[in-house]
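Close look at the chain arrangement
One letter stands for each residue in the lines below.
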Amino acid sequence: MSRDRPVGAVILAAGASRRYGSPKQLVMVDGRTLLEHAVDAAVAAGLAPVLAVVPVWLSRPVRLDADWLGWVRNPFPERGVSLSLQLGIDALGDEVEAAVILLGDQPRLPADGIVAILAARGEKPLIASVADGIPAPPILIERSHFGLVEALAGDVGLREFIRSNADLVWSVPVAEHPPDLDTPDDLGRILRP
């Protein structure tokens with residue numbers, strides 16, 4: 001493992017938002033869209049490049065119109081999260097040594113959670129935040145294991161692989177995972193003080 005090349009970010013934000021009822025990528029929380037929260041956490045943790053995997057129909061929010069942010073368009077989000085992962089990892093190209101996988105619907109993800117994942121590099125090829133025995137993003141995957149993403153199919157991310165291949169995974173304990181925003185009720189819970 002080399003530390004000469006950067007660690008990139010792949011933000012998964014191509015979901016159809018069926019449970020939410022409208023495009024949740026652009027839902028505002030604390031004056032920023034959900035997608036902006038994910039991008040801000042990645043940038044604050046020092047990840048570069050940052051790639052957002054979004055559906056083809058999503059317009060780029062003005063605040064996220066930056067050269068350092070890459071947009072990866074998923075033409076078939078109905079095929080599940082595996083395609084978004086594959087498109088994001090593929091778009092990183094050869095310039096990164098590892099990638100941190102983030103979800104585009106966790107507005108309360110702290111940058112220090114990503115930094116803790118980065119600090120554990122070198123332990124195992126996959127590093128996952130784990131709360132109550134459950135792995136979830138942020139998840140770091142070293143370039144040497146990018147091929148694992150290519151083997152995924154359907155609405156399956158790295159979580160199932162992590163559960164069945166514990167020997168390849170270093171767990172970073174966290175008190176809890178930041179809540180996902182999947183429904184309008186979730187938004188109410190997230191906004192509640």
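This text goes with the structure placed above it.
The model shown is predicted, which means the values in this text are computed figures rather than measured ones.

1. Remarks on the overall build of the chain
Counting its secondary structure elements, the chain contains 6 helices and 9 strands. Sorting the 193 residues of the chain into buried and exposed places 51% on the buried side. Restricting to contacts in the chain with at least 6 residues of sequence separation, those with at least 24 account for 69%. With an accessible surface of roughly 9,100 Å², the chain has 53% of that area assigned to carbon and sulfur atoms.

2. A word on the layout of surface pockets
What the second largest pocket holds in volume is close to 180 Å³. In this structure, the second largest pocket is lined by R108, L109, P110, G113, S129, P138, V174, E176, H177, P178 and P179. Per-class residue counts for the lining of the second largest pocket are 6 nonpolar, 3 polar and 2 charged.

3. Structural notes on the environment of G15
Positionally, G15 belongs in the loop between β1 (7-12) and β2 (28-29). G15 sits 89 residues away from G104 along the chain, and the two C-alpha atoms are 9.2 Å apart.

4. Description of the side chain of K24
Tracing the backbone shows K24 in the loop between β1 and β2. A distance of 2.8 Å separates the side chain of K24 from the side chain of D105, its partner in a polar contact.

5. A closer look at the packing of aromatic side chains
Counted according to the given criterion, the structure contains 0 aromatic pairs. In this arrangement the basic side chain of R79 is found over the ring face of F76, its NZ or CZ atom lying 4.0 Å from the centre.

6. Side note on helix α3 (residues 111-119)
Because each turn of an α-helix spans 3.6 residues, side chains separated by three or four positions in sequence point in the same direction. What α3 keeps buried is the set G113, I114, I117 and L118. Looking straight down α3, one finds its buried side chains confined to an arc of 145 degrees; they lie on one side. In α3, the exposed residues that point more than 90 degrees away from the buried face are D112 and A119.

Criteria and thresholds
Residues numbered from 1 in each chain as written. Predicted model: local features only at pLDDT ≥ 70, side-chain atom pairs only at ≥ 80, totals over all residues. Heavy atoms only, no water. Helix = DSSP H or I, 4+ residues; strand = E, 2+ residues; numbered from the N terminus. Buried < 20%, exposed > 50% of the residue type's maximum accessible area, 1.4 Å probe, protein only. Contact = heavy atoms within 4.5 Å. Areas by Shrake-Rupley, 256 points an atom, 1.4 Å probe, with all protein chains shown as cover. 1 Å grid on protein atoms, 1.4 Å probe; cavity = no way out; pocket = protein on both sides within 12 Å on 5 of 7 lines; lining within 4 Å. Points joined across faces, edges and corners; volume = space filled by probe spheres on them. Nonpolar A, V, L, I, M, F, W, Y, C, P; charged D, E, K, R; others polar. Polar contact = N/O pair within 3.5 Å; in protein donor to acceptor, adjacent residues only side chain to side chain. Phe/Tyr/Trp six-rings, centres within 6.5 Å; stacked < 30°, edge-to-face > 60°. Lys NZ or Arg CZ within 6 Å of the ring centre and 35° of its normal. Arc of directions from axis to C-beta.

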